[in-house]
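Structural overview
Chain residues, written in single-letter form:
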Amino acid sequence: MSESFSSVILAAGEGKRLNMEVPKPLAPAAGLKLIDFPIRELKKFSKNLNLKDNISCVVGHKRELVEEHISQYENVNTVLQEKQIGTGDAVKSYFLGVKDAKDYDFTLITCADTPLIRESHFQKLFSCLKDTKADAVVATFKTTNPTGYGRIVIGDKGLKIIEEKDANTQQKTIKIVNSGLYIFKTSYILDHLDSLNTNNQSGELYLTDLFQQGRNVTSCEFEDDGSFLGVNNPDQLDKVNTILRKERAAQLQNDGVYFVESRHTYLDYDVEIGRGTTVYPNNFIQSGTKIGEKCILLPGSVIKNTIIGKQTTIKPYCILEDSRLGDNVTIGPFAHLRPDSIVKDECKIGNFVEIKKTRLDKGVKVSHLSYVGDAEIGEDSNIGCGFITCNYDGANKHKTTIGKGCFIGSDSQMIAPVKIGDEAYVASGSTINKDIPDGGFAIARERQVTKEGLAKKFLKKK
């Protein structure tokens with residue numbers, strides 16, 4: 001008969017020392033939130049054990065915000081800890097709030113504020129529990145600075161965890177400490193959970209008191225102590241963000257992405273980049289972005305939630321937001337793609353061009369100093385310098401449609417709503433406010449008038 005497993009994430013903390021408006025589990029971490037990391041790693045752990053996800057998050061401070069964020073995940077539920085009076089009380093809340101919590105063979109417990117713990121840590125810890133036939137196992141590590149951590153006191157059988165506030169002078173010298181990651185036989189928790197008490201300096205129910213000398217409990221020591229870094233203050237959050245971005249860059253490098261200087265590339269953790277792509281320094285590549293193979297990202301751009309095809313070049317200092325780019329596209333320098341922009345294969349968007357809520361079909365060129373908003377432009381059309389879609393009438397936005405193979409001269413404006421047919425030609429300096437049929441030629445400007453000899457009236461000389 002297969003074993004069953006449930007996982008609990010302790011996520012009720014306020015995080016006062018972070019001094020943020022959001023609760024600690026929702027503190028930003030490389031484009032995600034702190035709590036995203038244990039959820040994702042636990043899902044990998046369940047998948048590798050061929051188990052159905054059974055993840056519960058114990059929430060408390062600003063629970064509505066945490067619950068709203070967690071709702072994006074399947075098979076992850078929340079349980080309320082009414083009062084934050086310790087980790088032991090949080091686990092009690094879990095067993096009271098999840099009707100089938102008692103039915104699982106094993107219960108894994110971890111914290112929402114340790115985003116560097118990976119699925120491999122869960123695997124190793126579970127193997128240790130099985131190999132030793134213990135009732136409970138705690139992940140431990142050795143550190144030169146144990147301040148703030150619970151100390152591990154090993155007995156002839158079992159062990160005890162002494163929290164920092166309750167440790168005496170001798171116990172505070174112990175270098176082996178508690179990581180906050182545990183796996184229990186569920187029956188063991190149920191046998192001892194009601195014995196927890198508040199006879200300690202914090203006046204809280206400690207989950208760690210389930211570990212006692214004389215009981216069949218053990219520890220599993222990890223050498224990579226940095227993986228258990230918890231986030232309790234801004235400095236620790238900054239360190240975690242740096243480590244996560246470095247970790248993601250290393251993963252991408254191993255997959256064939258070349259970073260000219262990875263330390264100066266600001267990379268969110270869920271970014272995907274294809275093999276053979278070159279990334280220059282000072283790019284900010286943010287959450288939701290997927291970049292294809294053999295692209296070139298020159299310095300200084302901000303790319304957010306954007307999909308980029310193969311062999312596309314992003315020249316310096318562009319902003320791309322919530323957009324979709326095809327293959328062999330060239331963007332920039334100094335271009336801005338605002339949300340809902342769709343740029344098909346082989347398009348060119350040049351210097352100081354802004355695109356918003358617009359579709360450019362294959363081969364369209366918008367090369368210089370233009371604004372294109374709420375528009376559709378057909379294949380192989382060429383848009384001259386200084387083009388503007390006048391899409392806003394002060395109350396509503398209107399659409400401009402330009403067909404295939406058109407030539408739109410420089411310094412032209414389209415007063416939307418307006419529709420230009422295929423292979424139409426608009427003369428430079430025109431203001432177009434009427435539709436143009438296929439093959440039509442439009443010119444809309446005043447006739448030039450030249451007055452010989454009149455220039456001296458207007459020229460100013462010192």
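Our structure is the block above this text.
Along each chain, residue indices are assigned from 1 in the same order as the chain's sequence is written. Two thresholds apply to this predicted model, a pLDDT of at least 70 for residue-level local features and 80 or more for giving and counting side-chain atom pairs, whereas whole-chain, interface and lining totals are computed over all residues. Calculation of side-chain values draws on the structure's entire complement of heavy atoms; hydrogens and water are dropped beforehand.

So, the overall build of the protein chain
Helix and strand assignments follow DSSP, with helices taken as H or I runs no shorter than four residues and strands as E runs no shorter than two, numbered in order from the N terminus. In terms of regular secondary structure, the protein chain is built from 6 helices and 39 strands. Across its three principal directions, the C-alpha atoms of the protein chain cover 110 × 55 × 40 Å. A 1.4 Å probe rolled over the protein chains alone gives each residue an accessible area, and that area as a share of the maximum for its type sets the label: buried under 20%, exposed over 50%, partly exposed in between. Residues counted as buried form 48% of the 462 residues belonging to the protein chain. As presented, the protein chain carries roughly 23,200 Å² of accessible surface, and 47% of it is formed by carbon and sulfur atoms. The averaged location of the 60 negative side-chain charges in the protein chain is 6 Å from the averaged location of its 61 positive side-chain charges. To be clear on the numbers: accessible area is Shrake-Rupley with a 1.4 Å probe, and residue cover counts the displayed protein chains and nothing else. Note on charges: Lys and Arg go in the positive column, Asp and Glu in the negative column, and His and the chain ends are not counted at all. In this description, the location of a charge corresponds to atom NZ of lysine, CZ of arginine, CG of aspartate or CD of glutamate.

Considerations on the pattern of salt bridges
Only one rule defines a salt bridge in this text: a Lys or Arg side-chain nitrogen within 4 Å of an Asp or Glu carboxyl oxygen. In this structure the tally under the stated criterion is 15 salt bridges. Glu-41 serves as the salt-bridge partner of Lys-44, at 3.2 Å between the closest nitrogen and oxygen. Of this pair, Lys-44 and Glu-41 both sit in helix α1 (residues 36–48), separated by 3 residues, roughly a single helical turn. Judged by its relative accessible area of 5%, Glu-41 is buried. Of the charged contacts, one joins Lys-239 and Asp-235 as a salt bridge, the two residues approaching to 3.5 Å between their closest N and O atoms. One end of the pair is Lys-239 and the other is Asp-235, both in helix α6 (residues 234–254) and 4 residues apart, which spans about a single turn.

What to know about the nonpolar core
It is characteristic of soluble globular proteins that their nonpolar side chains tend to be buried jointly. What is meant by a nonpolar core is a set of buried Ala, Val, Leu, Ile, Met, Phe, Trp, Tyr and Cys residues, joined one to another through side-chain atoms within 4.5 Å. Within the largest apolar cluster, 46 residues are counted, with the highest numbers of intra-cluster contacts made by Ile-273, Leu-320, Leu-325, Ile-331, Ile-349, Leu-360 and Ile-420. If you list the elements that add at least two residues to this core, you get α6, β28 (354–360), β30 (371–377) and β36 (418–420). Counting residues per element, this core draws most heavily on β30, which supplies 3 residues. Of all hydrophobic cores here, the second largest spans 34 residues; its members include Leu-26, Val-66, Ala-139 and Cys-220.

Quick notes on α1
The end-to-end C-alpha distance of α1, which contains 13 residues, comes to 19 Å, matching closely the 18 Å that a straight helix rising 1.5 Å per residue would cover. Taken from the residues just after α1, Asn-50 is the one with a positive phi, measuring 55°. What a helix should span is 1.5 Å times the count of its residues minus one.

So, helix α4 (residues 119–132)
Compared with an ideal rise of 1.5 Å per residue, which puts 14 residues at 20 Å, α4 spans 20 Å between its outermost C-alpha atoms and is within 8% of the ideal. Residue Lys-133 follows α4 closely and has a positive phi angle near 55°.

So, the sheet that holds strand β18 (residues 296–297)
When DSSP locates at least two bridges between a pair of strands, those strands are taken to pair. Spatial ordering of the open sheet is given by β12-β15-β18-β21-β24-β27-β29-β31-β34-β37-β39, a layout of 11 strands whose pairing is parallel. Looking at strand neighbours, the two that pair on one side only are β12 (258–259) and β39 (441–442), the edges of this open sheet. Pairing between strand β29 (residues 365–368) and strand β31 (residues 382–383): 2 bridges, direction parallel. The residue bridging Lys-365 from the neighbouring strand is Asn-382, located in β31.

Looking at the environment of Leu-459
Among the structural elements, Leu-459 can be located in the segment after β39. For the pair Leu-459 and Gly-421, spaced 38 residues apart in the sequence, the C-alpha separation amounts to 44 Å.

Concerning the environment of Cys-318
Checked against the element boundaries, Cys-318 lands in the loop between β21 (313–314) and β22 (319–321). Residue Cys-318 is classed as buried on the basis of its relative accessible area of 0%. Those residues in contact with Cys-318 that sit more than four places away from it in its chain are Gly-300, Ser-301, Val-302, Ile-331, Gly-332, Pro-333, Phe-334 and Ala-335. The contact criterion used is simple: two residues touch if any of their non-hydrogen atoms lie within 4.5 Å.

Some words on the environment of Pro-333
Looking at where Pro-333 falls in the secondary structure, it is placed in the loop between β24 (330–331) and β25 (336–337). Excluding residues that lie within four positions of it along the chain, Pro-333 makes contacts with Lys-315, Pro-316, Cys-318, Gly-350, Asn-351 and Phe-352.

Some thoughts on unusual backbone geometry
A cis amide bond links Gly-332 with the next residue in sequence, Pro-333, at an omega value of 5°. In this structure, the amide linkage connecting Ala-416 to the following residue, Pro-417, adopts the cis form with an omega of 5°. Examined against the element boundaries, Pro-417 turns out to sit in the loop between β35 (413–415) and β36. One non-glycine residue, Asp-322, adopts positive backbone phi at about 50°.

Looking at the side chain of Asn-200
Note on placement: Asn-200 falls in the loop between α5 (186–192) and β11 (217–222). The term polar contact refers here to a pair of N or O atoms within 3.5 Å; inside protein, the definition further demands a hydrogen-donor-capable atom paired with an acceptor-capable atom, and it admits residues adjacent in sequence only when both atoms are side-chain atoms. Reaching out from Asn-200, the side chain makes a polar contact with the backbone nitrogen of Gly-203 at a distance of 2.7 Å.

Details of the packing of aromatic side chains
Between 30 and 60 degrees the pair is tilted, below 30 it is stacked and above 60 it is edge-to-face, where a pair is any two Phe, Tyr or Trp rings, Trp via its six-membered ring, whose centres lie within 6.5 Å. Applying the stated criterion across every chain yields a total of 20 aromatic pairs. Ring geometry for Phe-37 against Tyr-269: centres 5.2 Å apart, planes inclined by 75°, an arrangement best described as edge-to-face. Within this pair, whereas Phe-37 is found in helix α1, its partner Tyr-269 is found in the loop between β13 (266–267) and β14 (272–273), the two being separated by 232 residues in sequence. Exposure class is identical for Phe-37 and Tyr-269. Each is buried. Grouping aromatic residues by their ring pairs yields a cluster made of Phe-5, Phe-45, Phe-106, Phe-122 and Phe-126. Across the ring face of Phe-222, the terminal group of Lys-124 is positioned such that the distance to the ring centre comes to 4.5 Å. Here, over-ring charges are defined by two tests on the NZ atom of lysine or the CZ atom of arginine: distance to the ring centre within 6 Å, and angle to the ring normal within 35 degrees. The ring of Tyr-392 carries the charged tip of Lys-397 above its face, separated from the ring centre by 5.5 Å.

Considerations on the packing of α1 against α4
With axes taken as lines fitted to C-alpha atoms, and helix axes fitted only over the stretch in contact, angles between N-to-C directions fall between 0 and 180 degrees. One way to put it is that α1 packs onto α4 with a least axis distance of 8 Å and a crossing angle of 50°. Overall, the two elements α1 and α4 adopt an arrangement that is oblique. Crossing geometry of α1 relative to α4 is assigned as right-handed. Between α1 and α4, the residues in contact are Glu-41, Leu-42, Lys-44, Phe-45 and Asn-48 and Glu-119, Phe-122, Gln-123 and Phe-126, respectively. For this scheme, ten residues count as nonpolar: Ala, Val, Leu, Ile, Met, Phe, Trp, Tyr, Cys and Pro. Four count as charged, namely Asp, Glu, Lys and Arg, and the remainder, Gly too, count as polar. When its residues are assigned to classes, the contact of α1 with α4 shows 4 nonpolar, 2 polar and 3 charged. Orientation labels follow simple angle bins: below 35 degrees gives roughly parallel, above 145 gives roughly antiparallel, 65 to 115 gives roughly perpendicular, and whatever is left gives oblique. Handedness of each helix crossing follows the sense of rotation of the near helix against the far helix: counterclockwise by less than a right angle gives left-handed, clockwise gives right-handed.

Re a nonpolar patch on the surface
Surface patches are drawn from residues lacking salt bridges whose relative accessible area is over 30%; two like charges belong together within 9 Å, two nonpolar side chains (Val, Leu, Ile, Met, Phe, Trp, Tyr) within 5 Å. Judged by side-chain polarity, Tyr-317, Phe-334, Phe-352 and Leu-369 come together as a nonpolar surface patch covering roughly 440 Å² of accessible area. Structurally, Leu-369 can be placed in the loop between β29 and β30. Classification of Leu-369 by relative accessible area gives exposed; the value is 51%.

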